[in-house]
Amino acid sequence: MAGKFTLTTRIPNIETWLNMLLQRLFPAWYAVRYAREMKIGQLGELNPRSFLCHRWLSLPAIHASAAEALENAGPLWQEAATLLRKVTRHKVHKRYLSITNLLAIESCDSDLDYPNMVAFAEALCADKVPDSADDFSILLNQTFNEQNAPFPVAYRELDGRYYYKNQDDGTALGALLLACRDKGRDVKLNCEIEVESCNEKVLESLRARYWVLLMPREAAYQLNYLIREAKLQCQIAEFEWRRTDLVFLVLKRNHPRLNEIAEAICHSRMPLKVLDWGRFLSSHQVPFRNR
């Protein structure tokens, strides 16, 4: 019994020893093999819906966080940091916009969360909904007085979401939206719309020169260790403060073995476990139109 027990307990040690030997003799090959076979957890929901825009995914905040980490990593990663800081851009347009497009606001006193402004209004604004056309006009003029036009709105091409840069608690807008939905009404507001988009030239430069892979932190650190053991260049960059479980693994595209490792990481895992960030941004764009 003792002999059998000793033999069985030694088998995992032999496997571990073989893996360590392979890693030492063929570190780059081992990194590719490990990247292809390792278990990686789910990314989860990245861009939740909310009636508060600051709970959405923020590209400027994410890219600033990642760029800072790369800048601190030394001169090899300065170019990547510079490109990340330039990916998002903002441009202002003056347009008339349907009030029903306003899915969210900037701030509210409520501690609860709702998927959009209508859900927020159903929960907290039902008693403020105007009953008559005259009451609707009065509330509309109080909330969106033409003397204060154009009204500040933002639009994100990442997901096609508008939000109102409110200065109040948002309940008046919520009541107007409920009235529009229930009574078949609509209003065109004179707005100054700040459009957030991706600079395609910068994004293409980033994609051409770097792999920026979003994945769970634990997996990224394991791969970072193995890649560096193979004497290849890679770097960890932070994602966003609310999702500390995720990070970017950044690799240069100028080495065939690094490309092989990146492709092994992405193979069969996109988009639930790994995201090629550049590809994700290129394919998730809803161009601004005068709606």
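Residues numbered from 1 in each chain as written. Predicted model: local features only at pLDDT ≥ 70, side-chain atom pairs only at ≥ 80, totals over all residues. Heavy atoms only, no water.

**Student:** Just to check I follow, could you spell out the confidence of the model for the chain for this structure?
**Tutor:** Any residue range with low pLDDT should be treated as having predicted coordinates unsuitable for detailed reading. Averaged over every residue, the pLDDT of the chain is 91; residues scoring 70 or more account for 90%. Low pLDDT, under 50, characterises residues 1–10; the predicted model gives this stretch zero contacts beyond four residues in sequence or across chains. (pLDDT = per-residue confidence, 0-100. Contact = heavy atoms within 4.5 Å.)

**Student:** Help me out: how do you make sense of the sheet that holds strand β3 (residues 151–156) in this one?
**Tutor:** Ordered in space as β1-β5-β3-β4-β2, the five strands form an open sheet in which the pairing is mixed. Edge positions in the sheet fall to β1 (88–98) and β2 (102–105), since each of these pairs with one other strand and no more. Along the sheet, successive strands turn relative to each other by an average axial angle of 35 degrees, direction set aside. By the bridge criterion, eleven bridges tie β1 to strand β5 (residues 188–198) in an arrangement that is antiparallel. If you follow leucine 97 over to β5, its bridge partner there is leucine 189. (Pairing = 2+ DSSP bridges. Helix = DSSP H or I, 4+ residues; strand = E, 2+ residues; numbered from the N terminus. Axes fitted to C-alpha atoms, helices over the stretch in contact; angles between N-to-C directions.)

**Student:** Explain the side chain of glutamine 285 here, please?
**Tutor:** Tracing the backbone shows glutamine 285 in the segment after α11 (277–283). A distance of 2.9 Å separates a polar side-chain atom of glutamine 285 from the backbone oxygen of leucine 281. (Polar contact = N/O pair within 3.5 Å; in protein donor to acceptor, adjacent residues only side chain to side chain.)

**Student:** What is the right way to look at helix α5 (residues 117–124) in this model?
**Tutor:** Among the residues of α5, Met117, Ala119, Phe120 and Ala121 are the ones counted as buried. Buried residues belonging to α5 abut β2 and α7 (171–183). Two or three places before valine 118, at the opening of α5, asparagine 116 has a side-chain oxygen 3.2 Å from that residue's backbone nitrogen. (Buried < 20%, exposed > 50% of the residue type's maximum accessible area, 1.4 Å probe, protein only.)

**Student:** Help me out: how do you make sense of α7 in this one?
**Tutor:** Each turn of an α-helix holds 3.6 residues, which means side chains three or four residues apart point in the same direction. For α7, with 13 residues, the first-to-last C-alpha span of 18 Å sits near the 18 Å given by 1.5 Å per residue. Within α7, ten of the 13 residues are buried, which leaves the element mostly enclosed by the surrounding structure. Tucked into the core, α7 has its buried residues touching β2, α5, α6 (133–143) and β4 (161–164). Glycine 184 lies just past α7 and shows a positive phi near 65 degrees. (Expected span 1.5 Å × (residues − 1).)

**Student:** Can you walk me through unusual backbone geometry in this structure?
**Tutor:** The general pattern is negative phi for most residues beyond glycine and trans for most peptide bonds. In the segment running from alanine 149 into proline 150, the intervening peptide bond is cis, with an omega of 0 degrees. Position of proline 150 relative to the elements: it lies in the loop between α6 and β3. For the bond running from methionine 270 to proline 271, omega is 0 degrees, close enough to zero to count as cis. Its identity as a non-glycine residue notwithstanding, lysine 231 has a phi of 65 degrees, on the positive side. Within the secondary structure, lysine 231 sits in the loop between α9 (217–229) and β7 (234–238). Even without being a glycine, serine 268 presents a positive backbone phi close to 65 degrees. Relative to the helices and strands, serine 268 is located in the loop between α10 (256–266) and β9 (275–276). The class for serine 268 is exposed, based on a relative accessible area of 67%.

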